[in-house]
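Survey of secondary and tertiary structure
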Protein chains: 2
Amino acid sequence: MRAKNIYLSSKELEQALKEYTGRLKGFFDCCETETVDTGLSLGRITAEPVFALVSSPHFNASAMDGIALNATVTFGASERNRIRLAEGKDYVVVDTGDPIPPKYNAVIMIENLIEKGEGEVEISAPATPWQHIRPIGEDIVQGELIVPTFHKIRPVDMGAMLAGGTNTVRVIKKPRVAIIPTGTELILPGEPLEEGSLIEYNSHIFAGLIEEWGGEAVRQKPVPDVYEDIKNVLKRAVEESDMVLVNAGSSAGREDFTKDIIRELGEVITHGIAIKPGSPTVLGIVSGKPVVGIPGYPVSAYIIMENIVKPLIFKLLRLAERCGAEVEAVSSRRVVSSLKNKEFVRVKLGKVGDKLIATPLTRGAGVVMSLVRADGILEIPQSSEGVDAGETVSVRLLKDPEEIENTIVCIGSHDPILDLLANEIHRKNPRLHLASAHVGSMGGITALLKGETHIAGVHLLDGDTGEYNISYIKKYLGSGRIALIKLVDRIQGFMVKKGNPKSIRDFSDLAREGIGFVNRQKGSGTRLLLDYKLKEKKIDPAAINGYDREEFTHMAVAAAVAFSDIDAGLGVYSAARSLGLDFVPVCSEEYDLAVPVEFLEDSNIKLMLEIVRDSAFREKVKAMGGYSLERAGEVVPVE
Amino acid sequence: MRAKNIYLSSKELEQALKEYTGRLKGFFDCCETETVDTGLSLGRITAEPVFALVSSPHFNASAMDGIALNATVTFGASERNRIRLAEGKDYVVVDTGDPIPPKYNAVIMIENLIEKGEGEVEISAPATPWQHIRPIGEDIVQGELIVPTFHKIRPVDMGAMLAGGTNTVRVIKKPRVAIIPTGTELILPGEPLEEGSLIEYNSHIFAGLIEEWGGEAVRQKPVPDVYEDIKNVLKRAVEESDMVLVNAGSSAGREDFTKDIIRELGEVITHGIAIKPGSPTVLGIVSGKPVVGIPGYPVSAYIIMENIVKPLIFKLLRLAERCGAEVEAVSSRRVVSSLKNKEFVRVKLGKVGDKLIATPLTRGAGVVMSLVRADGILEIPQSSEGVDAGETVSVRLLKDPEEIENTIVCIGSHDPILDLLANEIHRKNPRLHLASAHVGSMGGITALLKGETHIAGVHLLDGDTGEYNISYIKKYLGSGRIALIKLVDRIQGFMVKKGNPKSIRDFSDLAREGIGFVNRQKGSGTRLLLDYKLKEKKIDPAAINGYDREEFTHMAVAAAVAFSDIDAGLGVYSAARSLGLDFVPVCSEEYDLAVPVEFLEDSNIKLMLEIVRDSAFREKVKAMGGYSLERAGEVVPVE
């Protein structure tokens, strides 16, 4: 076991980037350009100013259907003194766009002519000189600047350049960025999945981002963790591209070669940046070109793409870097951050009442789904110890503000049908979204209390009355404020391996020698159910092997049972079924959506109610198994 | 001369669109889909929910370099009670990402091990079960919803789908939109330009927009104004595409065939919408597919693309239509609008002090440059008679708000070097823009007075003192408030045709029989110069043929002299030279930039000053001819 130097530098992000671009000055100064057809230049950046080569129009043109004439022949015309004009002698007929003969200087619209036959017309009002004529250059004058240097070409710019006779345009070459995934464990999507293997998908995220930023991505095949192999691929990539990204191997572990290879071929400017996630990053230069070692975890990688690679590409393309819109939001939780790092926290945003609420998502750097679900990024400066619950924070948006306005926020207990509901809502109305955070039933009650959610999934059994949800809502939220939207009766039970090889039938079986269990997190309705049953049956939780291991969703519990040596977990039938597990029913419970009564009038909530009541949705839920929807869509005020 | 029915309907825009999409219900309901590789799905819209086919990770994986073991063997370890562990017996070595053997449930980081040699290590702290392990499904659980139906795929979504084992994805087919330019006068870019011919460029604007909106554009060659020809091309296009756009010929003029052809092949739902520009539009249906007749003028066409075609494409793609950000601004002018139409006014926006100022651009529907220059669109409802100067209005942005914040606004007299300055400023600092509006020197003074501009180009001769600019500024803006940034001494003179065939030498020549003149607009410094000279020389303006015809820039005057039968105009040498005209010098004048003193400290203005003083800029200006820059960059307070 060989431990390498595990301590990286912790350079401040802005400082690291500034030093790096400073050292790359020659690279940025040499701006490669190419000439492209104007009609194919959409989204490209001009390398020089574009001046019109011809005027538009390039002749005096009629702006109307009518007749062209010299205005002097019309002077004095009125209703009482009509003037008669003859074709050929006084006027010519013109359509819109026709050239005006040099001797004429006005157009009278067809609507204002009185036909007299035999090529004669009468008029009852004079024409003013130059009326209804588009003079030469009305739109574009030859020699006029159409777009300046370093301008991103839009559809209208293409049109204006073509109108001005500019059929080709000199643009900045797209930066060619090579992406080298490294790791012996990597397999390509579609290759057989073995234990220890990892699907290589980061390069697709990188390529998509580079394309969106105006570069050209060249994805390479994964290279195993062999120093010489990576070195050879890197050398060739540097020759063939403007910039190289090496993914994974950028830290200082046993098989992290990026830093040493860059040092052998060129120079390492920085190894280690004081940000989280994304710290173990290598900023290097080989043959004068940037070579960036990017961490393997997808979220770390994304943060480095946004904060290091994007500025490099934008600088090459001479684009002003847009930071994205920022909004003020109220943090729904406390977020503790170290003074060692600047931290990037992914958050969900929701407009509840008139407050915009930011709910931090998981901080695990390995969770790509936290990026998929995020609405924004909250940056906690290096100098700060974090953010308090209720504190107003500034969040950089990852989504359109309109999308956030049109999102129903659902914080509380998790059930797989929430996924189905989210999908149906967005399918029925593409403007509307349902975003759910899984914090358990009690977490949902708290979110309602603090005004941080529109709805909360709850299934809370009152041990005294056997009644679900109502007593908890009364206790924590009072009477008259909340209604329950009845959703499903669902069956909770033990998820066990196919064939139930360990014969798990009852709660007492969980405490047997040799049984491995996986639990749900504290505050979840399922955890409360377990604890209630254990107490009722006088079983000591400490006797259950795995009582400490917490998962946050039914699906995660099912996956633990399906794919590891764990024998049992408590959860709903649909989750067990979707992973092919056996299921031992324990009890039926009422899973409802709690909603403040004032939101019942909200059009988004109304649409959701419609979908819950819709037979198509009910059929889909029933097909998942383990649900009964007899009261689904009923609204029960908690009085 | 055959006049057709020239009166179109004037259906309200929202009503027209609603009726049209209502009639196209079958078209929208049938949603064509296709399966694409996930790695190539960027920007596409999902046609069904995407659920994970595998978990990620799909095994319990080490989150650190270190050793995997069963936590129980570590219980009791402390600094005073180190526990010794043997490889193979107690632990295995694992790197980040390695699978955890089934019998183990914790990882200890390499940093926390004390090497004892011969495969033995000591630890001084216990491990908690599941520490440093990424459990199965930590990121994605098999069966979990990754993205819902009708979701636009981003780079991170591609990554998450691949991580979840989804290698292909069902997406909505890109709508195929055929674009048919019609008009006998149309030529392709690059074809020889003759009088009466028009470069066909609208189809490129349409194609660019359709691409940006997620469709696939198929541009056809221009079709002459022959009924049968257009009909045949249209028939084939309907067969081969999802939607057809026929450009020009959508009104009711002599050669406007679109409506009749659609009526022959299918059905016309609407002809004529109550908007300006864009009114003469045809909304038709052929073989169940939308066929839209779009007006020929580029601005009218753009408004119809944005307000009719974009909603159709977004509806097909099930995208929520984003309206674009809106901002509040103060209108710098009065804009009169008819009660007949909803009007779309292009505006320039500028942040001057803390006010955002909206300055309406030309309303000519033929001016594509008004779209290139526009920062936003001001919509005046049908029920409104317009907007007053100083009124707060809502403007839909066409540009990034950051770009507008970083724009130096220059309202006043025009000189071709402003184009050069704009280009240099943006080249030196891609974040910064100079936007100029040409309203003449007096218009610039007014804009300064109303706080609507950062700087104003002025060249105002005081006939009494022979001094430029200072007396005007004192009179209208007082002392101590404004400084002059000296720019150039420039030569004004007569622009005349090559060889000066009409021998124009002096102002008196302008009043000669048979001389055609073109004037500048009232309030421009050049107009004041002309009027001053005419008065001095006692020449009656009415004697000058063309005194009434006004152009707004030096270049437009030069173009009129160069390309029509006009003999002379007054303007600067650089404009004459760029169009190959002869030039008869009249006088030299001081062209300065007036700036409120408080803006001299503004970093953007400072950068502009640096550029004005820079030798590279001065050389480029000198190369244009007719300028002297002896005092360029000097700042003269008007006391």
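**Section: the overall build of chain A**
The helix and strand inventory of chain A stands at 18 helices and 38 strands. Whereas a compact globule of 639 residues would reach a radius of gyration of roughly 26 Å, chain A reaches 34 Å, over 25% beyond that. Each principal axis of the C-alpha distribution contributes one length, and for chain A these read about 115 × 70 × 45 Å. When each of the 639 residues of chain A is scored for burial, the buried share is 54%. A sequence separation of at least 24 residues applies to 77% of the contacts in chain A between residues at least 6 apart.

**Focus on the interface of chain B and chain A**
With 102 residues of chain B at the interface, the matching set in chain A holds 102 residues. Of all elements in the fold, only β11 (145–147), α3 (155–163), β15 (198–199), α4 (202–213), α7 (298–316), α8 (368–373), α10 (417–428) and α15 (554–563) of chain B reach the threshold of two or more residues within the side of chain B that touches chain A. The biggest single contributor to the side of chain B that touches chain A is α3 of chain B, with 8 residues. Each residue belonging to the side of chain B that touches chain A can be placed in one class, and the counts come to 52 nonpolar, 25 polar and 25 charged.

**Details of the environment of S124 of chain A**
All names here are of chain A. If you trace the backbone, S124 turns up in the loop between β9 (120–123) and β10 (133–134). The exposure class assigned to S124 is partly exposed, which follows from the 14 C-beta atoms found within 10 Å. Along the chain, S124 and I114 lie 10 residues apart, while their C-alpha atoms are 8.5 Å from each other. If near-sequence neighbours (up to four positions away) are discounted, S124 is found in contact with A77, S78, E79 and R82.

**With respect to the packing of helix α11 (residues 440–449) of chain B against helix α12 (residues 470–477) of chain B**
Residue and element names in this part refer to chain B. One way to put it is that α11 packs onto α12 with a least axis distance of 10 Å and a crossing angle of 40 degrees. Judged by the angle between their axes, α11 and α12 are oblique. Like other packed secondary-structure pairs, α11 and α12 cross with a definite hand, here right-handed. Where α11 approaches α12, its residues I445, L448 and L449 are matched on the opposing element by Y472, Y476 and L477.

**Looking at the relation of the copies chain B and chain A**
With an axial shift of 0.1 Å and an RMSD of 0.2 Å, the rotation relating chain B to chain A amounts to 180 degrees. What we have between these two chains is a two-fold relation. In terms of proximity to the rotation axis, the leading residue of chain B is A325 of chain B, whose C-alpha is 5.3 Å off the axis. When you check the interface residues of chain B against chain A, 100% turn up at the interface there too, and the contact is symmetric in its surfaces.

**Some details on the sheet that holds strand β18 (residues 267–271) of chain A**
Residue and element names in this part refer to chain A. Strand order in the open sheet formed by 6 strands is β16-β13-β17-β21-β20-β18, and the pairing between neighbours is mixed. The sheet is open, and its two edges are formed by β16 (216–219) and β18, each paired on a single side. In this sheet, neighbouring strand axes are inclined to one another by 20 degrees on average, regardless of whether the strands run parallel or antiparallel. Pairing analysis gives 5 bridges linking strand β13 (residues 176–181) to strand β17 (residues 243–247), with the strands arranged parallel. What sits directly across from A178, in β17, is V244. Of the strands in this sheet, β18 and β20 (282–286) touch helix α1 (residues 13–23), which is tilted by about 165 degrees from β18. Packing against the sheet, helix α7 (residues 298–316) makes contact with β17 and β21 (289–294), and its axis sits at approximately 170 degrees to β21.

**Details of the pairing of strand β17 (residues 243–247) of chain B**
Residues and elements named next belong to chain B. Within β17, 5 of the 5 residues are buried, which leaves the element mostly enclosed by the surrounding structure. Of the two faces of β17, the one holding M243, L245 and N247 and the one holding V244 and V246 are both buried throughout. Pairing of β17 with strand β21 (residues 289–294) involves 4 bridges; the strand directions are parallel. Each bridged residue has a counterpart across the sheet, and for L245 the counterpart in β21 is V292.

**Observations regarding the pairing of strand β32 (residues 482–496) of chain B**
All names here are of chain B. Where burial is concerned, most of β32 is hidden: 14 out of the 15 residues are buried. As defined by bridge partners, β32 adjoins strand β37 (residues 627–628) across 2 bridges and the pair is classed as antiparallel. By the bridge assignment, D489 is partnered in β37 with S628. Examined bridge by bridge, β32 and strand β35 (residues 568–572) share 5 bridges and lie antiparallel to one another. What sits directly across from V496, in β35, is A568.

**Here we look at the environment of L420 of chain A**
As for its position among the elements, L420 of chain A is in helix α10 (residues 417–428). Those residues in contact with L420 of chain A, other than ones at most four positions away along the chain, are K620 and V621 of chain A.

**Overview of the sheet that holds strand β7 (residues 106–109) of chain A**
Residue and element names in this part refer to chain A. Spatially, the 3 strands line up as an open sheet ordered β6-β4-β7, and their pairing is antiparallel. Looking at strand neighbours, the two that pair on one side only are β6 (91–94) and β7, the edges of this open sheet. Ignoring strand direction, the axes of neighbouring strands in this sheet form an average angle of 30 degrees. In terms of strand pairing, strand β4 (residues 66–69) meets β7 through 4 bridges, oriented antiparallel. Bridged to L69 within β7 is A106.

**A look at the domain arrangement of chain A**
The assigned domain composition of chain A is domain 1 (13–29 + 175–316), domain 2 (33–56 + 139–172), domain 3 (61–134), domain 4 (325–396) and domain 5 (438–637). Distance between the C-alpha centres of domain 3 of chain A and domain 4 of chain A: 69 Å.

**Describing unusual backbone geometry**
Of note, the amide linkage connecting S56 of chain A to P57 of chain A takes the cis form, showing an omega dihedral of -10 degrees. Within the secondary structure, P57 of chain A sits in the loop between β2 (50–51) and β3 (61–62). A cis geometry characterises the amide bond from K276 of chain B onward to P277 of chain B, with omega recorded as -5 degrees. Relative to the elements of secondary structure, P277 of chain B occurs in the loop between β19 (275–276) and β20 (282–286). In this structure, R318 of chain A is a non-glycine residue whose phi angle is positive, near 55 degrees. With respect to the helices, strands and loops of the structure, R318 of chain A is situated in the loop between α7 and β22 (326–331). Here S503 of chain B, not a glycine, exhibits a phi torsion of approximately 50 degrees, which is positive.

**Considerations on helix α4 (residues 202–212) of chain A**
With respect to burial, α4 of chain A is a largely interior element, 9 of its 11 residues being buried. Looking only at α4 of chain A, the buried set comprises N202, S203, H204, I205, F206, A207, G208, L209 and I210 of chain A. Lining the buried residues of α4 of chain A we find β13, β16, β17 and α7 of chain A together with α3 of chain B. Directly after α4 of chain A, the chain includes G214 of chain A, whose backbone phi takes a positive value near 100 degrees.

**Looking at the packing of α10 of chain A against helix α17 (residues 603–613) of chain A**
Residue and element names in this part refer to chain A. Remark: α10 packs on α17, axes separated minimally by 10 Å, with the N-to-C direction vectors making an angle of 115 degrees. Taken as axis vectors, α10 and α17 run roughly perpendicular relative to one another. The handedness of the crossing between α10 and α17 comes out as right-handed. Two secondary-structure elements touch here, α10 through L421, E424, I425 and K428 and α17 through L607, M608 and I611. Across the contact of α10 with α17, the residue classes break down as 5 nonpolar, no polar and 2 charged.

**Structural notes on the environment of V92 of chain B**
All names here are of chain B. Within the secondary structure, V92 sits in strand β6 (residues 91–94). The partly exposed category is assigned to V92, around which 15 C-beta atoms lie within 10 Å. For the pair V92 and V107, spaced 15 residues apart in sequence, the C-alpha to C-alpha distance is 9.6 Å. Filtering out sequence-adjacent residues up to four positions away, V92 remains in contact with I67, A68 and P101.

**Some thoughts on α3 of chain B**
All names here are of chain B. Taken across its 9 residues, α3 has 9 buried, putting it largely inside the fold. Within α3, burial applies to P155, V156, D157, M158, G159, A160, M161, L162 and A163. Following α3 by one or two positions, G165 adopts a phi angle in the positive range, close to 80 degrees.

**Description of the confidence of the model for chain A**
For chain A, the mean per-residue pLDDT works out to 93, and 99% of the residues sit at or above 70. For this predicted complex, the interface confidence score (ipTM) comes to 0.92, while the overall pTM stands at 0.92.

What counts, and where the lines are drawn
Each chain carries its own residue numbering, running from 1 in the written order of its sequence. Written order determines the labels here, with chains lettered from A and ligands numbered from 1. Given that the model is predicted, a residue must reach a pLDDT of at least 70 before its local features are reported, and side-chain atom pairs must reach 80 or more before they are shown or counted; all residues, however, enter totals for whole chains, interfaces and linings. Per the convention used, a helix needs a DSSP run of H or I reaching at least four residues, while a strand needs a run of E reaching at least two, with both numbered from the N terminus. For a compact globule the rule gives 2.2 Å times the number of residues to the power 0.38, and the radius of gyration it is set against comes from C-alpha atoms. In this scheme every C-beta is placed from the backbone, and a residue whose C-beta has 20 or more other C-beta atoms within 10 Å is buried, one with 12 or fewer is exposed, and one in between is partly exposed. Residues are defined as contacting one another if the C-beta atoms placed from their backbone atoms lie within 7 Å. Side-chain classes follow a simple rule in which Ala, Val, Leu, Ile, Met, Phe, Trp, Tyr, Cys and Pro form the nonpolar group, Asp, Glu, Lys and Arg form the charged group, and the remainder, Gly included, forms the polar group. To define axes, lines are fitted to C-alpha atoms, for helices over the stretch in contact only, and angles between the resulting N-to-C directions are given on a 0 to 180 degree scale. To sort the angles, those under 35 degrees are grouped as roughly parallel, those over 145 as roughly antiparallel, those from 65 to 115 as roughly perpendicular, and the leftovers as oblique. Left-handed describes a crossing whose near helix is turned anticlockwise from the far helix by less than a right angle; the clockwise case is right-handed. Fitting of the copies onto one another was done by least squares over C-alpha atoms, counting residues only where both copies have pLDDT of at least 70. Any two strands between which DSSP finds at least two bridges are classified as paired. Delimitation of the domains relies on an automatic or database domain assignment. Confidence of the prediction at every residue is given by pLDDT, a number between 0 and 100.

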